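Structural characterization, general
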Amino acid sequence: MSHSAQDPYLITPPSSLQILSNPPTRLFALGNSALLDSQCKVAIIGTRKPNTYAQTYTTLLAKSLVNIGVIIISGGALGTDIIAHSAALPKTICVLPTSLDRFYPASNAKTIQAITKQGLLLSEHEHNHSPQRHDFLHRNRLIVALSDLVIIPQADRFSGSLASATLCTKLGKPMFVLSHRIGESLGTQDLLAQERAHIITDIEAFTQAIATRFGLGTQEVLQDDELLDFARSNPSFEEAFACFGERVLEYELMGKITRKNGRIIISEV
């Protein structure tokens, strides 16, 4: 999908990209390039078909991190990427596999357009470039190199995200994944088993650790209740219990949530 709201401009690639064996010699940008100078940039990448649990926690992670001044980087793709961008706006950088006169994928054009106005859009391609298979790998290397650490909320084995995980290991970038049930997100489970990634079990504790490490602000990390946020998607009781355990039962007893036809709903006040 083409657009003409702004003209892309040429920028000097950040020095962080020199860690790559094949760094770009130039980059094109739309939006606020000052975001590249931010104190901490976190990449959130993963499957194009995240389950309800991963969708919810990707959103919560992105919101929690930007609340302390982190910039979220991703690739504008379906699923995990666009969820992270949407939650992080305006503090987000999107790296496209296309030139900036094309929004890819077209189904995400509305959010990508918002990023050009509020965040930052980057590409190695000047104009009229549609993505080839290798462009996605080239895009991903920029995302990893620009970031201070990488979060992969969910990824199956043989997922494209695991190629990014391999680059993280090669470049020494810290990598984090969510906890999952046995048999789910086998790609990130493998990363944990191989001790290549660290596990996130508490968003508030994780965010506070990032704030401390990078000397960021210590605003309230989560203004909303995680479980109630999760309940707004009307998950099954099993999904809610897998995410929050006994806390689901506590909220039922307090009357904050109820079960209806096997699904969790927020109680009417």
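About the cut-offs
- Residues numbered from 1 in each chain as written.
- Predicted model: local features only at pLDDT ≥ 70, side-chain atom pairs only at ≥ 80, totals over all residues.
- Heavy atoms only, no water.
- Axes fitted to C-alpha atoms, helices over the stretch in contact; angles between N-to-C directions.
- Helix = DSSP H or I, 4+ residues; strand = E, 2+ residues; numbered from the N terminus.
- Left-handed = near helix turned anticlockwise from the far one by under 90°.
- Contact = heavy atoms within 4.5 Å.
- Nonpolar A, V, L, I, M, F, W, Y, C, P; charged D, E, K, R; others polar.
- Buried < 20%, exposed > 50% of the residue type's maximum accessible area, 1.4 Å probe, protein only.
- pLDDT = per-residue confidence, 0-100.
- Salt bridge = Lys/Arg side-chain N within 4 Å of Asp/Glu carboxyl O.

**Considering the packing of helix α1 (residues 52-66) against helix α2 (residues 80-88)**
Where α1 contacts α2, the axes come no closer than 8 Å and their chain directions differ by 35 degrees. As α1 runs across α2, the sense of the crossing is right-handed. Contacts between α1 and α2 involve Gln55, Thr58, Thr59, Ala62, Lys63 and Val66 from the first element and Thr80, Ile83, Ala84, Ala87 and Ala88 from the second. Split by residue class, the contact of α1 with α2 holds six nonpolar, four polar and one charged.

**Section: unusual backbone geometry**
Note the cis peptide between Leu89 and Pro90, where omega equals 5 degrees. With respect to the element layout, Pro90 can be found in the loop between α2 and β5 (92-95). Note the cis peptide between Tyr104 and Pro105, where omega equals -5 degrees. Considering the arrangement of structural elements, one finds Pro105 in the loop between β5 and α3 (109-118). One non-glycine residue, Phe158, lies in the positive phi region at around 70 degrees. When you line up the elements, Phe158 lands in the loop between β7 (149-152) and α5 (160-171). Judged by relative accessible area, Phe158 falls into the exposed class, the value being 82%.

**Some thoughts on the confidence of the model for the chain**
Per-residue confidence for the chain gives a mean pLDDT of 89; residues scoring 70 or more make up 95%. Every residue in residues 1-5 is under pLDDT 50, and counting partners more than four places away or in other chains gives 13 contacts.

**Side note on the pattern of salt bridges**
Here the idea is simple: oppositely charged side chains can pair when their charged atoms come close. Across all of its chains, the model carries five salt bridges by this definition. A salt bridge links Arg26 to Glu126, with the nearest nitrogen and oxygen atoms 3.7 Å apart. Linking Arg26 in the loop between β1 (9-11) and β2 (27-31) with Glu126 in the loop between β6 (120-123) and α4 (133-146), this pair joins segments that are 100 residues apart in sequence. Classification of Arg26 as partly exposed rests on a relative accessible area of 40%. Residue Glu126 is classed as partly exposed on the basis of its relative accessible area, which comes to 40%.

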